[in-house]
Amino acid sequence: MIKYYNINGQQTPVENAYLHVSDLSILRGYGIFDYFLAREGHPLFLDDYLNRFYRSAAELYLEIPFDKAALRQHIYDLLAANEIQEAGIRLVLTGGYSPDGYTPVSPNLLIMMYELPASAWEFSAQGIKIITHPFQRELPEVKTINYSTGIRMLKTIKERGASDLIYVDKGEWIRESARSNFFLVLKDDRIVTADEKILWGITRRQVIDAAREAGYTVEERPIHVSELAEAQEAFFTSTIKGVMAIGQIDELVLGDGNIGKVTKVLQDLFVEKVKGYLATRS
């Protein structure tokens, strides 16, 4: 059981961890977050996540109250306090307690910890069904706390018998899902993924690097919706999903709807990347 969070540098019992109602995250939805996993007592790819967190803060003109070294130590101290080795870790930086309900002031920094989700890296042979949705996120390169569209679409996703969605900008350009990056596998095992107006996923980069090291051609470029018809496979990447096979997009079934050979290889390569990372920290 998780006993403590960290609020502005202070370890705080979970039951006492709260923000005042004047915080801009509550009043205006203004803030950023990041989320990553700890395995064997070590947060995975922590430097990459911290770099993204600090970039996101800079884009919203929010100042993180600690440097990276101090924040890293707070994360490890919280793992120790909770006596846990396998966990989900969420960093949240808010706009702070605003006197006029609009202007950012001193941000609040939260480090929250969770038991490792049971769904983390559940690699299934059956590809999931997803749907397309016309949308382009505001400030896509920033991991803001605004997930209104994705959450609003949950009802529609369920009604259509799907598990997730992908955003299609202007009805033409495939971007990403609410919480994952999106990849297609075209003929000759070419792997393609969007290169603009997306969140630069940490798992995305690890999978791209692993694929290229294994000899695959990976194209980072705009993906037109018409290319779905040419796809042999598709998959998501994310912190929780790892590499997740997609078997159907709207009414289009990819192959036999099960995981494709390239996706399976990339799942294995990603797991090896994680093992290699942990081996350097043991």
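Since the structure is predicted, the reported quantities are computational estimates derived from the model, not experimental observations.

## Focus on the overall build of the protein
Piece 1. Helix and strand counts for the protein come out as seven helices and 16 strands.
Piece 2. Considering only C-alpha atoms, the protein reaches an extent of 55 × 45 × 30 Å along its principal axes.
Piece 3. Looking at the protein as a whole, 51% of its 282 residues qualify as buried.
Piece 4. Considering only intrachain contacts with a sequence separation of at least 6, the fraction spanning at least 24 residues in the protein is 71%.
Piece 5. For the protein, the accessible surface area stands at approximately 13400 Å², while carbon and sulfur atoms represent 52% of it.
Piece 6. Averaged over its 31 positive side-chain charges, the protein has a centre that lies 2 Å from the centre of its 38 negative ones.

## Looking at unusual backbone geometry
Peptide bonds are, in most cases, trans, and in most cases residues other than glycine have a negative phi.
Piece 1. Even without being a glycine, Tyr61 presents a positive backbone phi close to 55°.
Piece 2. Along the polypeptide, Tyr61 turns up in the loop between α2 (46-59) and α3 (68-81).
Piece 3. Of note, the phi angle at Lys170 is positive, near 55°, even though the residue is not glycine.
Piece 4. Summarising the element assignment, Lys170 is placed in the loop between β8 (164-169) and β9 (173-174).
Piece 5. Accessibility expressed as a relative area gives 69% for Lys170, which makes it exposed.

## Comments concerning the sheet that holds strand β5 (residues 87-94)
Piece 1. Spatial ordering of the open sheet is given by β2-β1-β6-β5-β3-β4, a layout of six strands whose pairing is antiparallel. Every interior strand has two partners, whereas the edge strands, β2 (10-13) and β4 (42-43), have only one.
Piece 2. Looking at chain direction, strand β1 (residues 4-7) and β2 are connected through four bridges and run antiparallel. Bridge pairing in β2 places Asn6 opposite Gln11.
Piece 3. α2 rests against β3 (31-39), β4, β5 and β6 (109-115) of the sheet, and its axis sits at about 175° to β3.

## Observations concerning the pairing of strand β14 (residues 233-238)
Piece 1. Burial analysis of β14 places six of its six residues in the buried class, which makes it a mostly covered element.
Piece 2. Of the two faces of β14, the one holding Glu233, Phe235 and Thr237 and the one holding Ala234, Phe236 and Ser238 are both buried throughout.
Piece 3. As judged from the five bridges shared by strand β10 (residues 181-185) and β14, these two strands associate in the antiparallel manner. Counted as the bridge partner of Phe183 is Phe235 from β14.
Piece 4. Of the pairings in the sheet, the one linking β14 to strand β15 (residues 242-249) comprises five bridges and is antiparallel in character.

Each value, and the rule that gives it
- Residues numbered from 1 in each chain as written.
- Predicted model: local features only at pLDDT ≥ 70, side-chain atom pairs only at ≥ 80, totals over all residues.
- Heavy atoms only, no water.
- Helix = DSSP H or I, 4+ residues; strand = E, 2+ residues; numbered from the N terminus.
- Buried < 20%, exposed > 50% of the residue type's maximum accessible area, 1.4 Å probe, protein only.
- Contact = heavy atoms within 4.5 Å.
- Areas by Shrake-Rupley, 256 points an atom, 1.4 Å probe, with all protein chains shown as cover.
- Lys, Arg positive; Asp, Glu negative; His and termini not counted.
- Charge placed at Lys NZ, Arg CZ, Asp CG, Glu CD.
- Pairing = 2+ DSSP bridges.
- Axes fitted to C-alpha atoms, helices over the stretch in contact; angles between N-to-C directions.

So far we have only geometry, and geometry alone does not tell us how the molecule works.
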